[in-house]
Protein chains: 2
Amino acid sequence: MSMGMDSQMMLRPIGHIRTPWQTLDDCPGGPGRDGGTARLDILPEYAEGLFALEAPELDLLYWFDRAPRDVLRSVSPHDEAERGVFAMRSPHRPNPVALSRVPLIAVEGNTLVVGALDCLDGTALIDIKPVSRGGVPKR
Amino acid sequence: MSMGMDSQMMLRPIGHIRTPWQTLDDCPGGPGRDGGTARLDILPEYAEGLFALEAPELDLLYWFDRAPRDVLRSVSPHDEAERGVFAMRSPHRPNPVALSRVPLIAVEGNTLVVGALDCLDGTALIDIKPVSRGGVPKR
């Protein structure tokens, strides 16, 4: 297999995440608060991808655009132990793709209302994947 | 927030996934078989990111490099219903990033031995995130 294919791994946003967090200091830095919501504004050219979406939970991939990509070790905020970035879920990593599982609350045209997210308002959304009711990802 | 940041979403491989599957026809197309394993060969320049990695399970992000990126609707292989690609976990999607949760079996230098994966041998690995024992992703 040609490893030359690796050089073409470019992403484009399928939409943007709307949250109340306007600066990094605003971001709660953890799982969403009970009762909070976020909105996923899907770009019109990708809206057809939402057809027949009905999973109660979604795995979201999005881009930590403010995160440094040259950090390989850091101190975990939870136990203050120094760990490699692949041993933590910090935004600081070579490929700053965030992963969060949220409930799907409503579909309003090209906008999905989901459980609260702690990312900056306007964050680029990369992908949406459904989660099956049993918790096992469905294909 | 400047949406101009979106144009810089380029990924680079942190390593490559080794599986028995040499062609698309070989790929089992579903969750790993019991007893099978895959290997994650981490590139030397990113190996420091593995320091103190001890989670029993990992969320892996990798690249479906053979997948068409211009498909927005498809027929689900499970129930033969037509759905948007965000309502399925098919490789066909605008940003073909795969997501799989696997057990971490062993660490052998810069190589992680994990549960079986159904991707092509040599697939580019994008990220590794630990999963906490409670099933809630740890940060």
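Residues numbered from 1 in each chain as written. Chains lettered and ligands numbered in written order. Predicted model: local features only at pLDDT ≥ 70, side-chain atom pairs only at ≥ 80, totals over all residues. Heavy atoms only, no water.

J.: Explanation requested: the overall build of chain A in the structure shown.
T.: Across its full length, chain A holds zero helices and eight strands. For chain A, restricting intrachain contacts to residue pairs at least 6 apart in sequence, the fraction spanning at least 24 positions comes to 75%. When the accessible surface of chain A is totalled, it reaches about 6300 Å², and 51% of it is carbon and sulfur. (Helix = DSSP H or I, 4+ residues; strand = E, 2+ residues; numbered from the N terminus. Contact = heavy atoms within 4.5 Å. Areas by Shrake-Rupley, 256 points an atom, 1.4 Å probe, with all protein chains shown as cover.)

J.: It is not clear to me how the environment of L117(A) should be interpreted in this structure. Could you clarify?
T.: Residues and elements named next belong to chain A. Mapped onto the secondary structure, L117 falls in the loop between β7 (111-115) and β8 (123-131). On a C-alpha basis, the gap between L117 and P68 in space is 20 Å, while along the polypeptide they are 49 residues apart. Leaving out residues up to four positions away in the same chain, L117 has contacts with I17, T19, W21, A38, L40, L60, Y62, S100 and V102.

J.: Would you mind going over the interface of chain B and chain A with me for this structure?
T.: Interfaces are often sized by the accessible area lost when the parts come together. Contacts between the two partners involve 61 residues from chain B, matched on the other side by 61 residues from chain A. Our enumeration of links across chain B and chain A arrives at eight salt bridges. With its nearest N and O atoms 2.8 Å apart, the salt bridge here joins D127(A) to R93(B). At the surface where chain B touches chain A, the tally comes to 32 residue pairs in polar contact (both at pLDDT 80 or more). Elements with a minimum of two residues in the side of chain B that touches chain A: β3 (57-63), β5 (82-84), β6 (97-108) and β8 (123-131) of chain B. Looking at the side of chain B that touches chain A, the element that brings in the most residues is β8(B), giving eight residues. Looking at the side of chain B that touches chain A, its residues break down into 32 nonpolar, ten polar and 19 charged. (Salt bridge = Lys/Arg side-chain N within 4 Å of Asp/Glu carboxyl O. Polar contact = N/O pair within 3.5 Å; in protein donor to acceptor, adjacent residues only side chain to side chain. Nonpolar A, V, L, I, M, F, W, Y, C, P; charged D, E, K, R; others polar.)

J.: What exactly am I supposed to notice about the sheet that holds strand β3 (residues 57-63) of chain A here?
T.: Two strands in a sheet stick together by hydrogen bonds in their backbones, pointing the same way (parallel) or opposite ways (antiparallel). All names here are of chain A. Taking strand neighbours around the barrel as the criterion, the six strands line up as β1-β2-β7-β6-β3-β8 in a closed arrangement whose pairing is antiparallel. The mean inter-strand angle of the sheet, taken between neighbouring strand axes irrespective of direction, is 45°. In the sheet, strand β1 (residues 15-18) pairs with β8 via three bridges, with the strands oriented antiparallel. Paired with I17 across the two strands is T123, which belongs to β8. (Pairing = 2+ DSSP bridges. Axes fitted to C-alpha atoms, helices over the stretch in contact; angles between N-to-C directions.)

J.: What am I meant to see in the relation of the copies chain B and chain A here?
T.: Between the two copies of the chain lies a rotation about an axis combined with a shift along it. When chain B is fitted onto chain A, the two copies agree to an RMSD of 0.0 Å after a turn of 180° and an axial shift of 0.0 Å. The relationship between the two copies is best expressed as a two-fold rotation axis. Of every C-alpha in chain B, the one belonging to M10(B) sits nearest the axis of rotation, 2.2 Å from it. Taken together, the interface assignments show that 100% of the residues at the interface of chain B recur at the interface of chain A, consistent with an identical surface on both copies. (Least-squares fit on C-alpha atoms with pLDDT ≥ 70 in both.)

J.: How should I be thinking about unusual backbone geometry in this particular structure?
T.: Excluding glycine, residues mostly have negative phi values, and the peptide bonds linking residues are mostly trans. Residues and elements named next belong to chain A. Within the chain, A52 stands out as a residue other than glycine whose phi angle is a positive 65°. Locating A52 in the fold gives a position in the loop between β2 (37-42) and β3. Owing to a relative accessible area of 29%, A52 belongs among the partly exposed residues under this scheme. (Buried < 20%, exposed > 50% of the residue type's maximum accessible area, 1.4 Å probe, protein only.)

J.: Explanation requested: the sheet that holds β8(B) in the structure shown.
T.: Residues and elements named next belong to chain B. Taking strand neighbours around the barrel as the criterion, the six strands line up as β1-β2-β7-β6-β3-β8 in a closed arrangement whose pairing is antiparallel. Between one strand axis and the next, the sheet turns through 45° on average, direction left out of account. By the bridge criterion, four bridges tie strand β1 (residues 15-18) to strand β2 (residues 37-42) in an arrangement that is antiparallel. Paired with G15 across the strands is I42, a residue of β2.

J.: Any chance you could explain the pattern of salt bridges here in plain terms?
T.: Pairing is possible between side chains that carry opposite charge, provided their charged atoms lie close to one another. Per the stated rule, a full pass over the model turns up 24 salt bridges over all chains. In this structure, R18(A) and D41(A) form a salt bridge, with 3.9 Å as the shortest nitrogen-oxygen distance. One end of the pair, R18(A), is in strand β1; the other, D41(A), is in strand β2, and 23 residues separate them in sequence. A residue is classified by how much of its surface remains accessible, and D41(A), at 28% relative accessible area, is partly exposed. R89(B) is paired through a salt bridge with D59(A); the nearest N and O atoms lie 3.2 Å apart. Here R89(B) is found in the loop between β5 and β6, whereas its partner D59(A) is found in strand β3 on a different chain. Residues R89(B) and D59(A) agree in their burial class; the two are buried.

J.: Hey, could you run me through the packing of aromatic side chains in this one?
T.: Any pair of aromatic rings gets described here by the distance separating the centres and the angle formed by the planes. By the definition in use, this model includes two aromatic pairs over all chains. For the ring pair Y62(A) and F64(A), a centre distance of 6.1 Å and an interplane angle of 70° mean the geometry is edge-to-face. Comparing Y62(A) with F64(A) shows no difference in burial state: the two are buried. The ring of F51(B) carries R73(A) above its face, with NZ or CZ at 3.7 Å from the centroid. (Phe/Tyr/Trp six-rings, centres within 6.5 Å; stacked < 30°, edge-to-face > 60°. Lys NZ or Arg CZ within 6 Å of the ring centre and 35° of its normal.)

Remember, this is a structural readout, not a statement about activity or role.
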